[in-house]
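# Per-entry structural report
Chain residues, written in single-letter form:
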Protein chains: 2
Amino acid sequence: VGPGANELLAFLRAPRATRTFAPRAVAAADVEAIVATARWAGSARNRQPWRFVLVTDEPTRERLSRLGAYAGHLAGAPAVLVLLSRDGDGLIDTEFDLGRVAQAVTLAAHALGLGSCVATLYPDENVAAAARLVDARVGWRPRLAISLGYPGEPAGGGRPAIPRGRLSVDELLLP
Amino acid sequence: VGPGANELLAFLRAPRATRTFAPRAVAAADVEAIVATARWAGSARNRQPWRFVLVTDEPTRERLSRLGAYAGHLAGAPAVLVLLSRDGDGLIDTEFDLGRVAQAVTLAAHALGLGSCVATLYPDENVAAAARLVDARVGWRPRLAISLGYPGEPAGGGRPAIPRGRLSVDELLLP
């Protein structure tokens, strides 16, 4: 028998954004396993409007980290999985689908013992700069990038800028 | 010890869109467990720009099923979890975050033996009609609804309108 429902629900609840990483490389096979898992996420009309580019070299990660106000963690992550969104019509549907595949990436990473954190690249000129950095195909926008790595020691000192925790079920599931 | 990485990756890959359901109710406790799990999904600046409304009565499900071109499955699902998106600025970020929580809903449902399928309600006048049907709070848009239920026998006969399967890792993870 496989894992029980309660074990699986606990696994699904567990990931938290990881922004500090240990100095340990992420195996290419692990990144491939993450993509091989996340590709099964659903998308509108099965368009799969996503592609991935793995970035490990530090200069490129460092440049990417300056292309979004909250993207600093990309500089210190041993691996960054850039998510490309198909450009064009249906932008809202596409970004919803990108969210589905990003959550699958986060969970597959967690299954492998890896922490992750999603970064949004913006505004548009920063997305264009990222497209040049990762040599993105025409028609694909690198609006998102996910840091991957083994969790490190948080810098500590002071509370996070944004409160953690989540709303309760009673606040979320409306009568 | 908990489940191993390979078991967890297999679990994450497993869910497929379920559009036909057995005539068996979904326990309210299971819906609460799904929301209690999905609420841990990440969101930009931890805004949690999502709320949920559970719809089980058939007339409302039937009306919702006519508010999107691919939403027919909502009529036959014993439970429909309507996802409300926070209206206003940052629409793209919000829909990306809704995708994250929707993937978490799909996976939590699968952990409980439930099938699911995401429906998009559109165009805008249909979203407005859905808002009236579920008595949505001002500032919250019911653009998405997820069918939940125990999988039933597919109607069979003929292949699906949209090809199944997914692109390979080589097609998705670009050099």
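Note that the structure is predicted; figures quoted are calculated from it, not measured.

### So, the pattern of salt bridges
With the rule as written, the count across this model stands at ten salt bridges over all chains. For B:Arg143, the salt bridge identified is with A:Asp93, shortest N-O distance 3.2 Å. With B:Arg143 in strand β4 (residues 140-149) and A:Asp93 in helix α5 (residues 91-111), this pair bridges two chains. A relative accessible area of 8% places B:Arg143 in the buried class. Two residues, A:Glu95 and A:Arg143, come together in a salt bridge whose shortest N-O distance is 3.1 Å. Of this pair, A:Glu95 sits in helix α5 while A:Arg143 sits in strand β4 (residues 140-149), and the two are 48 residues apart along the sequence. A relative accessible area of 1% places A:Glu95 in the buried class. Residues participating in the shared-partner salt-bridge network are A:Asp93, B:Glu95 and B:Arg143.

### Let's talk about α5(A)
If you check α5(A), its first and last C-alpha atoms are 30 Å apart, about what 21 residues at 1.5 Å a residue would give, namely 30 Å. Directly after α5(A), the chain includes A:Gly113, whose backbone phi takes a positive value near 85°.

### Description of the packing of aromatic side chains
To describe a pair of aromatic rings, you give the distance between the ring centres and the angle between the ring planes. All chains considered together, the criterion is met by zero aromatic pairs over all chains. Directly above the aromatic system of A:Tyr150 lies the positively charged group of A:Arg24, at a separation of 3.7 Å from the ring centroid.

### Notes on the relation of the copies chain B and chain A
With an RMSD of 0.0 Å, the operation that places chain B on chain A is a rotation of 180° combined with a shift of 0.0 Å along the axis. In symmetry terms, the pair is related by a two-fold rotation axis.

### Topic: the environment of A:Ala28
Position of A:Ala28 among the secondary structure elements: in helix α2 (residues 28-38). For the pair formed by A:Ala28 and A:Gly4, sequence separation is 24 residues and the distance between their alpha carbons is 30 Å.

### A few points about the confidence of the model for chain A
Note that predicted coordinates carrying low pLDDT should not be read in detail. The share of residues in chain A with pLDDT of 70 or more is 96%, and the mean pLDDT across the chain is 94. What the predictor reports for the complex is a pTM of 0.95 with an ipTM of 0.94.

### Brief notes about the packing of helix α2 (residues 28-38) of chain B against helix α4 (residues 91-111) of chain B
Residues and elements named next belong to chain B. Interhelical geometry of α2 versus α4 gives an angle of 135° and a closest axis separation of 9 Å. If you check the angle between α2 and α4, you find them oblique. Both α2 and α4 take part in a crossing whose hand is right-handed. Residues Ile34, Thr37 and Ala38 of α2 lie in contact with α4, whose contacting residues are Val101, Ala104, Val105, Ala108 and Ala109. Grouping the constituent residues of the contact of α2 with α4 by class yields seven nonpolar, one polar and no charged.

### Quick word on unusual backbone geometry
Cis geometry is adopted by the peptide bond preceding A:Pro123, which originates at A:Tyr122 and carries an omega value of -10°. In this structure, A:Pro123 sits in the loop between β3 (115-120) and α6 (124-133). At A:Arg45, a position not held by glycine, the phi torsion is positive, near 55°. For A:Arg45, the location among the structural elements is in the loop between α2 and β1 (50-55). One non-glycine residue, B:Asp135, lies in positive phi territory at about 55°. Relative to the elements of secondary structure, B:Asp135 occurs in the loop between α5 (124-133) and β4. Exposure remark for B:Asp135: the relative accessible area of 67% places this residue in the exposed category.

Scoring rules and cut-offs
- Residues numbered from 1 in each chain as written.
- Chains lettered and ligands numbered in written order.
- Predicted model: local features only at pLDDT ≥ 70, side-chain atom pairs only at ≥ 80, totals over all residues.
- Heavy atoms only, no water.
- Salt bridge = Lys/Arg side-chain N within 4 Å of Asp/Glu carboxyl O.
- Helix = DSSP H or I, 4+ residues; strand = E, 2+ residues; numbered from the N terminus.
- Buried < 20%, exposed > 50% of the residue type's maximum accessible area, 1.4 Å probe, protein only.
- Expected span 1.5 Å × (residues − 1).
- Phe/Tyr/Trp six-rings, centres within 6.5 Å; stacked < 30°, edge-to-face > 60°.
- Lys NZ or Arg CZ within 6 Å of the ring centre and 35° of its normal.
- Least-squares fit on C-alpha atoms with pLDDT ≥ 70 in both.
- pLDDT = per-residue confidence, 0-100.
- Axes fitted to C-alpha atoms, helices over the stretch in contact; angles between N-to-C directions.
- Parallel < 35°, antiparallel > 145°, perpendicular 65-115°, else oblique.
- Left-handed = near helix turned anticlockwise from the far one by under 90°.
- Contact = heavy atoms within 4.5 Å.
- Nonpolar A, V, L, I, M, F, W, Y, C, P; charged D, E, K, R; others polar.

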